[in-house]
Amino acid sequence: MTVHQTAPIDLYFWPTPNGWKASIMLEELEVPYRLNLVNIGKGEQFAPDFLAISPNNRMPAILDPEGPDGDPISVFESGAILQYLGRKFGKFYPQDERRRVEVEEWLMWQMGGFGPMLGQSHHFRQYAPEKVPYAIERYDNEVQRRLWRPQPQA
Ligand SMILES: N[C@@H](CCC(=O)N[C@@H](CS)C(=O)NCC(=O)O)C(=O)O
């Protein structure tokens with residue numbers, strides 16, 4: 001069934017990899033959406049109207065004025081946004097159970113593992129106020145492992 005989106009979906013976005021996951025999905029679905037910039041460098045993610053949509057003060061988030069039963073719905077967490085949009089528009093999210101499990105395996109792999117490990121690796125390399133070799137090595141190794149790159153032998 002093709003779902004026709006009349007009113008644009010509001011996307012709350014800042015250009016980071018997590019933000020791009022949601023914007024790429026909306027672009028690929030070719031549905032109307034409106035970009036609302038949330039400047040996380042300026043602390044706009046803590047604005048009360050944004051927290052009402054995304055209580056964990058993280059972007060991306062979306063507000064779909066044409067949610068279930070025609071009522072508005074907001075969604076935070078990039079993985080939940082991908083699943084919601086995939087279900088609603090019937091694209092990139094197979095209904096066949098075996099294929100859906102495969103999509104969900106890799107989505108969870110990215111959300112629960114690869115994304116956070118990259119984030120921690122980047123933090124300890126770039127932003128930590130002191131260099132902590134153990135943390136740098138630990139997260140770096142995790143990133144390399146998830147990229148199937150050879151591991152240093154213990
Ligand atoms: N698990 C979340 C992570 C989102 C996230 O970490 N967003 C960051 C930018 S990439 C953010 O909004 N940071 C604001 C802050 O740390 O206050 C998702 O996948 O949506």
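Attention here is on the structure that accompanies the text. (Residues numbered from 1 in each chain as written. Predicted model: local features only at pLDDT ≥ 70, side-chain atom pairs only at ≥ 80, totals over all residues.)

With that settled, the discussion passes to the site of the ligand. Surveying the vicinity of the ligand reveals the residues Thr16, Asn18, Ile40, Gln45, Asn57, Arg58, Met59, Pro60, Glu77, Ser78 and Gly79. Among the residues making up the shell around the ligand, the classes are represented as 3 nonpolar, 6 polar and 2 charged. (Near = placed C-beta within 6 Å. Nonpolar A, V, L, I, M, F, W, Y, C, P; charged D, E, K, R; others polar.)

Taken together, the 5 bridges between strand E1 (residues 9-13) and strand E2 (residues 33-37) define a ladder with parallel strand orientation. Each bridged residue has a counterpart across the sheet, and for Asp10 the counterpart in E2 is Arg34. Viewed along the sheet, the connection from E1 through helix H1 (residues 17-29) into E2 turns out right-handed. (Pairing = 2+ DSSP bridges. Helix = DSSP H or I, 4+ residues; strand = E, 2+ residues; numbered from the N terminus. Right-handed = clockwise from strand over helix to strand, strands pointing away.)

The next subject is helix H5 (residues 133-146). Here H5 spans 20 Å end to end across 14 residues, near enough to the 20 Å set by a 1.5 Å rise per residue. With its phi angle positive at about 55°, Trp148 sits one or two positions after the end of H5. (Expected span 1.5 Å × (residues − 1).)

Right, let's talk about H1 for a bit. Between its terminal C-alpha atoms H1 stretches 18 Å, which fits the 18 Å expected from 13 residues at 1.5 Å a residue. Of the residues making up H1, those classed as buried are Gly19, Ala22, Met25 and Leu26. End-on view of H1: buried residues confined to an arc of 135°, all on one side of the axis. Of the exposed residues in H1, those oriented more than 90 degrees away from the buried face are Pro17, Ile24, Glu27 and Glu28. Those residues of H1 hidden inside the fold are in contact with E1, E2, strand E3 (61-64) and helix H3 (78-89). Directly after H1, the chain includes Glu30, whose backbone phi takes a positive value near 55°. (Buried ≥ 20, exposed ≤ 12 C-beta atoms within 10 Å, placed from the backbone. Arc of directions from axis to C-beta. Contact = placed C-beta atoms within 7 Å.)

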